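Residue strings, one per chain:
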Amino acid sequence: MVMAKNGMRVGLDLEQSSIAAVQVKPGKQHNVLTHAAIRGLPEGLVFEGEVVDSDALANELKTLWKEGGFASKRVQLGVANQKIVVRTMEFPQIDEKELRAAVEFQAQEHIPIPVDEAILDYKVLSTHVDDDGSIKQRILLVAAQREMVKQFMNVAKKAGLMIDGIDLQAFAMIRALAPKPSFIDQGAPEGTTGEVVALVNIGSGITNLVIAANGVTQFTRVINLGSEALTQSLMNHRNIPYEEADALRIQVGLAGDQPDQPGDLTLETQAEIHQSFDRACEPFSDELRRSIDYYHTQEHVGEISKLVLSGDGALTRNIAYSLSQGLHLPVEIGNPLREVSENKTKLTEVQLEWMAPRLAIAIGLALDDEG
């Protein structure tokens, strides 16, 4: 992956209702956050993780770059949608050149996209000794539809940006939010130790779930449901505009342990808003539960210890409490700022902390991939 000449790395996260970018100056001891910006998007530019209107999206990116004052025009972009397939495969331990050829040869059996229409990449997750004593390596295959990726490249070009690297949002989430393996865990054989966590980035249109053990991807899934489903339900229920409904999602939100910020709303109105959001959250909670149950039926490393939330949806009042009740698991809001030891942006610490969940993927993209 190419780094900008000034050593800066910029992570860019394009969402359905907003775009976020951060600029990080990596250092040996610590990372410095130099720029961070979020810009709301009008409807119809991005849908379910794909570009819909490239010209309008490019114009929004130009404005974000100007307003955010970013020094670099080279970006790391994160993608997540239904045109990306992630599979695990197993191979004997062979050298890198042979492994790439074997992956490309066998890929078609594992993915629903024709290989000549896909961009393929893979990552070695682990090695282990099989029952017959042979050494096997487990790899994660990522296949993305070439045309979908090209759309993102076109948008960047029109905005005067250069994409240095495209990464799965799931990998960025792990870099930004997964617990770091302890010194003991780093040398441990696969399956023996290490915390297993579910990282859940709730965007406005899609939700990205990745389960990581010891900081290594075990399972990933994109769900076509996000925080907009909650906002939409309140819009319909109370016949109010989007902006008002979305503000109530953050100020009042779901029923739970955090007190509301009701403004001039009566207790009765607050209870009605809770009910509307609670109902709308049920299908989302069910989808997460199904994904987690499916993960637990596979041959994986262990039981999930907690959920860590990020994304625009993580700003929904009481979302952690609600999902914890529904999934019977501890749930917390992730803090990607733990990866940044110094704030040199124009934002105050309070502003940055509030924005942090929405910046998680962008921060993960701007971090060096140690793996």
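Once a new chain begins, its residue numbering starts again from 1 and follows that chain's sequence as written. Residues qualify for local features only when their pLDDT is at least 70, as the model is predicted, and side-chain atom pairs are given and counted only at 80 or more; totals for whole chains, interfaces and linings, by contrast, use all residues. Processing note: side-chain calculations cover all non-hydrogen atoms of the structure and skip hydrogens and water entirely.

> Could you clarify how one ought to interpret the overall build of the protein in this entry?
Across its full length, the protein carries 10 helices and 16 strands. This radius of gyration counts C-alpha atoms alone. The globule rule is 2.2 Å times how many residues there are, raised to the power 0.38. Taken against the 2.2 N^0.38 rule, which gives 21 Å for 371 residues, the C-alpha radius of gyration of the protein at 21 Å falls within 12% of a compact globule. Overall size of the protein, expressed as C-alpha extent along the three principal axes, is 70 × 45 × 45 Å. Each residue is assigned to one of three classes by its accessible area relative to the maximum for its type, calculated with a 1.4 Å probe on protein chains only: buried under 20%, partly exposed between the two thresholds, exposed over 50%. The proportion of buried residues among the 371 residues of the protein is 52%. Taking the intrachain contacts of the protein between residues at least 6 apart in sequence as the baseline, contacts between residues at least 24 apart amount to 65%. With an accessible surface of roughly 17,800 Å², the protein has 50% of that area assigned to carbon and sulfur atoms. Here the protein carries 34 positive and 52 negative side-chain charges, and the mean point of each set is 8 Å from the other. Comment: elements are numbered from the N terminus, with helices defined as DSSP H or I runs of at least four residues and strands as E runs of at least two. Here a residue-residue contact requires only that any non-hydrogen atoms of the pair lie within 4.5 Å. Exposure was quantified through the Shrake-Rupley algorithm and a 1.4 Å probe, taking into account, for residues, occlusion by the shown protein chains and nothing else. Under the counting rule used here, the positive set is Lys and Arg, the negative set is Asp and Glu, and His together with the chain ends is not counted. Positions of charges follow a simple convention, taking NZ of Lys, CZ of Arg, CG of Asp or CD of Glu.

> Explain the confidence of the model for the protein to me, please; I cannot follow it from the model alone.
The predicted coordinates ought not to be read in detail in places where the model reports low pLDDT. Every residue is assigned a pLDDT by the predictor, reflecting its confidence on a scale from 0 to 100. This prediction gives the protein a mean pLDDT of 90; 94% of its residues lie at or above 70. Across residues 1–5, where pLDDT falls below 50, the model places 15 contacts with residues more than four positions away in sequence or in other chains. Per-residue pLDDT stays below 50 along residues 186–193; that stretch engages in 9 contacts with residues further than four places along the chain or on separate chains.

> Mind showing me how you'd approach the sheet that holds strand 7 (residues 84–92) here?
Strand pairs in the sheet, formed through backbone hydrogen bonds, run parallel or antiparallel to each other. Two strands form a pair only when DSSP identifies at least two bridges running between them. Pairing is antiparallel across the open sheet formed by 3 strands, whose spatial order is 7-9-8. Two strands close off the open sheet at either side, each with one partner strand: strand 7 and strand 8 (118–129). The average angle at which neighbouring strand axes cross in this sheet is 20°, direction not considered. For strand 7 and strand 9 (residues 135–145), the ladder comprises 9 bridges, and the chain directions are antiparallel. Of the residues in strand 9, the one forming a bridge with M89 is I139. Sitting on the sheet, helix 3 (residues 146–158) is in contact with strand 7, strand 8 and strand 9, with an inclination near 65° to strand 9. Only C-alpha atoms enter the line fits that serve as axes; for helices the fit covers just the stretch in contact. Angles between N-to-C directions range over 0 to 180 degrees.

> Where do I start with the side chain of R175 in this structure?
For R175, the position within the fold is in helix 4 (residues 169–177). Residue R175 is classed as buried on the basis of its relative accessible area, which comes to 12%. Engagement of the side chain of R175 in a polar contact is seen with the side chain of D167, the distance being 2.7 Å. In protein, a polar contact means a hydrogen-donor-capable atom and an acceptor-capable atom, both N or O and within 3.5 Å, with residues adjacent in sequence counting only if both atoms are side-chain atoms; elsewhere, any N or O pair within 3.5 Å suffices.

> For this particular structure, what's the right way to read the environment of T63?
Its location among the elements puts T63 in helix 1 (residues 54–68). For the pair formed by T63 and H35, sequence separation is 28 residues and the distance between their alpha carbons is 15 Å.

> Where do I start with empty space enclosed by the protein in this structure?
Space left empty within the atom packing is revealed by a probe, the size of a water molecule, rolled over the atoms. Residues are called lining when one of their atoms sits within 4 Å of a cavity or pocket point, these points coming from a 1 Å grid over the protein atoms alone, where a cavity is a set in which a 1.4 Å probe fits but cannot get out and a pocket is an open set with protein on both sides within 12 Å along at least five of seven lines. Grid points are joined across faces, edges and corners, and a volume is the space filled by probe spheres set on the points. Summed over all chains, the structure comprises 2 cavities of 30 Å³ or more. Here the largest cavity defines a volume of roughly 130 Å³. Looking at the largest cavity, it is lined by 18 residues, and the ones nearest its centre are L14, E15, G49, Q169 and I206. Classification used: nonpolar for Ala, Val, Leu, Ile, Met, Phe, Trp, Tyr, Cys and Pro, charged for Asp, Glu, Lys and Arg, polar for all others including Gly. Partitioned by chemical class, the residues of the lining of the largest cavity number 7 nonpolar, 8 polar and 3 charged. Its boundaries defined by the atoms lining it, the second largest cavity holds a volume of some 40 Å³. In terms of lining, the second largest cavity is formed by I202, G226, S227, L230, F284, G313, T316 and I319. The class makeup of the residues in the lining of the second largest cavity is 4 nonpolar, 4 polar and no charged.

> In this structure, what is going on with the pairing of strand 12 (residues 207–213)? I would like to understand it.
Taken residue by residue, a regular strand's side chains alternate between the two faces of the sheet. Across the 7 residues that make up strand 12, a large majority, 7, are buried. Covered by surrounding structure in strand 12 are T207, L209, I211 and A213 together with N208, V210 and A212, the residues of both alternating faces. Pairing of strand 11 (residues 196–202) with strand 12 involves 7 bridges; the strand directions are antiparallel. Each bridged residue has a counterpart across the sheet, and for V196 the counterpart in strand 12 is A213. Two successive antiparallel strands, strand 11 and strand 12, enclose a turn made up of 4 residues. As paired strands, strand 12 and strand 13 (residues 216–223) are joined by 7 bridges and run antiparallel to one another. Across the sheet, A212 pairs through a bridge with T217, a residue of strand 13. Hairpin connection from strand 12 to strand 13: 2 residues lie between these consecutive antiparallel strands, with N214 at a positive phi of about 60°.

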